[in-house]
Every structure is written in C-alpha cells, then in structure tokens.
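Structural characterization, general
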Amino acid sequence: MRLYARYVAWEYFKAFLIIFLALELFYVGIDLLTNLKDLPRSANLQLLYVGLTSLTAVSYVLPISLVFAIIITHINMVRSNELVSLYALGVSKNSVIFPQFFIALFITLFYVGLNCTSFAYAYDYQKNIAKNSSFTKSTTDTFIKFEGKFIYIKELNSITNEALNIDIFDLNETDLKLSAFAKSAKFKDGAWQLKDVNLTKIPSLLELGAKGLDIQNLSQIDGLKGFKPKSIQSANAEQASTLNIPDTLDFIFTFKDEDVEINTAKTAFYNLAIFPFFAPFLMMIFYYKLPVAGRFFNLALASFIFVLIALVAWGVLFVLVKFSQSGTVLPEIGILAPVVLLILYAIYLVKRHY
C-alpha cells in the first residue's frame, strides 16, 4: 500500500474509533440513567447489563460513526492543506477515498457477520435483565400451520429444543386424516422426537362395516422434519423482528408457503444484512460533496451542515426501517430501495471522477 493510502486510512480509522467510543459511552450512560431503577441489585447482573447495552448500541452508533469519521477526517485534511497537497502531487480523488471506503466496508461486513450470531439477540437479553426475566423464557400457546398440518404447542423452549403438549392435525383439504397428541418432544437431527404419543388415523372411506379408527399409543415417533424451534418461537410479528440472519432466513423459507406473514422477518433480514451498507456508500457521497479547500469556505459551518445532513439522512432511513417493521411500507421499498439508490449514486460519483 502506498504511503498516502496508509496515512489517509489511519487518519480515518483513528477518527472512527474516537467517535464510535464516544457515542457508545454516551448511549450506555443515557440508558443507565433512564433504567437505573429497573436494574437488578446483583453487581454481576449490572455489569452484564452494561455489556449487553454496549452491544445493543453498536447497531445504532456504528453506521453514523462511519459517516461522521469521513467528515472529521476530510475537514482536518482541508484545514491543514494536506488534501490539496495530495491532489497537487497527482493523487486522484478516488485514490484518496478508496482506502477509507474499504475500511468502512470491512467494518460493516464484520458487523453483518456478527448479526449471524447471538450478537443479534443482545437487546432481548438486555431487556430480560431489566425485567428480571430468564434468558430461556419459553413460548406458550403456539398455533401454526406447517406442510398442511395444523400444530398446537402448549410450551416451547427454543434454547433446550424441547416442547410440551404437542397436538398435530393432518388435513386433506377439509378432511381430517390423522391426529397426534404428544406429551413432550425434543428437536434432534432436524426432526422432532415425539414421546408418549396418542396417534389416531381416520379412514378416508367412512362406510358402515368398513375399517374404523386406527388408534395407537406409541412411546416415541419422529415427525415434523425441518420444523425448527426458533422458527416456531418466531412465528409472530413481534418475535420475528428479533432474529439473527440465519434464523431469519430459516423462518422465511420455512413459512413462505404456509400462509404465514413473513414481511416482518424479511424486514429483519434486510435490517441486519442490507441496511448497514448505507454507511460506507453515504460516506463516499459526502466525500465528493465536501469542500476541497478552506479558503473559500467556513469549515466550521461546513462541518455543522454535513453533520446535520448525516443525522437527517440516518434518521430518515431509520424511520423507513420502523415503517417497514410496522407493515406501513414494504421492506423492499423502506429498506432495500434507499440503500440500492445510495449505492448507485456513489458508483456514479466514482465513475465521474475517473
């Protein structure tokens, strides 16, 4: 890597770290002051709450920190005439922004990767501590359709992959073919192991003298292959919005043909996997719009204006995400379209400066 590229990359990364840590501490401090009365008395739980709050803050402060960092770095380089000097030496505008852009892109990819893990559930864990609830809170009274079967589950624990009192009704259009009642079940090797099962098969031809009901009591049978506990737990709008990326995709592919509302899960996927990429491309757009020299501009006023524009842009995108989560707009319009437009405009600016 050339010397100027290492220099601008380090200046950007340094500014990002300072802004990110400052916003993190601000977010955690405000949250603690707001929820101080709800915190448990245990010091261990209080420290855990602070840690989870800092993880929750990342989704809010990381994108805006990436954008603020380019504004601060650019203004500092303009004030010290470093940017003009680089241009005078023959360094193109694209060559200056690319090292900073790739750092922002790498940080964003790392964040999206974290959203494929339990990191995405930090907010749920944080609220459970504030409410003195268990991390393994069970889901109760779930009724859902899967592969033509109507299934009722009295209690489900997605952490231990166990369920209590499962009722399964297999229908052929409007005719009941089979019913199964299991006292307990455990999800293992991609299927449910139903235990203490009462199985009733109903003949397709109901005639006098024909074979009647076939009732069996079985100690264990396997069924409901691919019906994952996390998908079951998330089969409502409120819980489907708090999934990580793999669970979101699993939820969508599991229930896309089952007449289950999946827009909330699609919104969660776009929010976790697509929305964070607005930051690297927005910072690139800002770079091409920021002043090159400080002689003809009030740099303090320019910094304020661009910070304000960044906050407004981030706020508008955040509101569109909330509209998508509430079902007011489609997630493709509220999340996907704005990010794609930013990417296309950033690419246009790069090509224009070649």
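It should be noted that the structure appears before, not after, this text.
What this report covers is the structure whose coordinates are included nearby. (Residues numbered from 1 in each chain as written. Predicted model: local features only at pLDDT ≥ 70, side-chain atom pairs only at ≥ 80, totals over all residues. Heavy atoms only, no water.)

**Some points on the packing of aromatic side chains**
The description of an aromatic ring pair rests on the distance of the ring centres and on the angle between the ring planes. Spelled out, the test is: Centres within 6.5 Å make a pair out of two Phe, Tyr or Trp rings, where for Trp the six-membered ring is used; the pair is then stacked when the planes are under 30 degrees apart, edge-to-face when over 60, and tilted otherwise. Secondary structure elements are defined from DSSP: runs of H or I of at least 4 residues count as helices, runs of E of at least 2 residues count as strands, and each element is numbered from the N terminus. The buried label applies to any residue whose accessible area, calculated with a 1.4 Å probe on protein chains only, is under 20% of its type's maximum; exposed applies above 50%, and partly exposed to all values in between. For a lysine, the NZ atom is tested; for an arginine, the CZ atom; a charge sits over a ring if that atom is within 6 Å of the ring centre and within 35 degrees of the ring normal.
Scanning the entire structure with this criterion turns up 18 aromatic pairs. Here the aromatic rings of Phe 13 and Phe 16 are separated by 6.4 Å at their centres, their planes lie at 35°, and the arrangement is tilted. Taken together, the positions of Phe 13 and Phe 16, both in helix H1 (residues 3-34) and three residues apart, correspond to about one turn of that helix. According to the relative accessible area criterion, Phe 13 is partly exposed, its value standing at 30%. A relative accessible area of 5% places Phe 16 in the buried class. Taking the centre distance of 6.2 Å and the plane angle of 15° together, the rings of Phe 143 and Phe 150 count as stacked. Accessibility expressed as a relative area gives 29% for Phe 150, which makes it partly exposed. Among the aromatic residues, ring-to-ring pairing joins Trp 10, Phe 13, Phe 16 and Phe 20 into one connected group. Positioned over the ring face of Tyr 287 is Lys 93, at 5.6 Å from the centre of the ring.

**Comments concerning the sheet that holds strand S4 (residues 175-188)**
Heads up, the condition is: For two strands to be treated as a pair, DSSP must find at least two bridges joining them. Axis lines are fitted to C-alpha atoms, over the contacting stretch for helices. Their N-to-C directions set the angle, which ranges from 0 to 180 degrees.
Read from one edge to the other, the open sheet built from six strands follows the order S1-S2-S3-S4-S5-S6, with strand pairing classed as antiparallel. Looking along the sheet, the strands with just one partner apiece sit at the ends: strand S1 (139-146) and strand S6 (214-223). Strand-to-strand twist across the sheet, computed as the mean angle between neighbouring axes with direction ignored, equals 20°. Across ten bridges, the pairing between strand S3 (residues 162-172) and S4 is antiparallel. Bridge pairing links Leu 164 to Ser 184 in S4.

**Regarding the environment of Ile 71**
Note the threshold: Residue contacts are defined here by distance: any two heavy atoms, one from each residue, within 4.5 Å place the two residues in contact.
With respect to the helices and strands, Ile 71 occurs in helix H2 (residues 43-79). Ile 71 gets classed as buried once you look at its relative accessible area, which sits at 0%. For the pair formed by Ile 71 and Phe 143, sequence separation is 72 residues and the distance between their alpha carbons is 51 Å. Apart from residues lying up to four places away in sequence, Ile 71 is in contact with Phe 286, Leu 290, Ser 303, Phe 306, Val 307 and Ala 310.

**Notes on helix H12 (residues 331-352)**
Rule in force here: An expected span of 1.5 Å times one less than the residue number is assigned to each helix. Each residue is assigned a bend, namely the angle between axes fitted to the seven residues that terminate at it and the seven residues that start at it.
Over its 22 residues, H12 extends 31 Å from the first C-alpha to the last, a length consistent with the 32 Å expected when each residue adds 1.5 Å. At Ala 337, H12 shows its largest kink, close to 35°, and the proline Pro 338 lies no more than four residues downstream. Listed in full, the buried residues belonging to H12 are Pro 331, Gly 334, Ile 335, Pro 338, Val 339, Leu 342, Ala 346, Leu 349 and Val 350. Against helix H4 (93-114), helix H9 (263-273), helix H10 (278-289) and helix H11 (299-326) lie the buried residues of H12.

**Side note on the pairing of S4**
Taken together, the ten bridges between S4 and strand S5 (residues 191-201) define a ladder with antiparallel strand orientation. Note that in S5 the partner of Lys 188 across the bridge is Ala 191.

**With respect to the pattern of salt bridges**
For the record, the criterion: We count a salt bridge whenever a side-chain nitrogen from Lys or Arg sits within 4 Å of a carboxyl oxygen from Asp or Glu.
In this structure the tally under the stated criterion is three salt bridges. Here Glu 162 makes a salt bridge to Lys 186, at a shortest N to O gap of 3.8 Å. Linking Glu 162 in strand S3 with Lys 186 in strand S4, this pair joins segments that are 24 residues apart in sequence. Since its relative accessible area comes to 39%, Glu 162 is described here as partly exposed. As a salt-bridge pair, Lys 266 and Glu 332 come within 2.9 Å of each other at their nearest N and O atoms. Linking Lys 266 in helix H9 with Glu 332 in helix H12, this pair joins segments that are 66 residues apart in sequence.

Interpretation in functional terms is not warranted from these geometric data alone.
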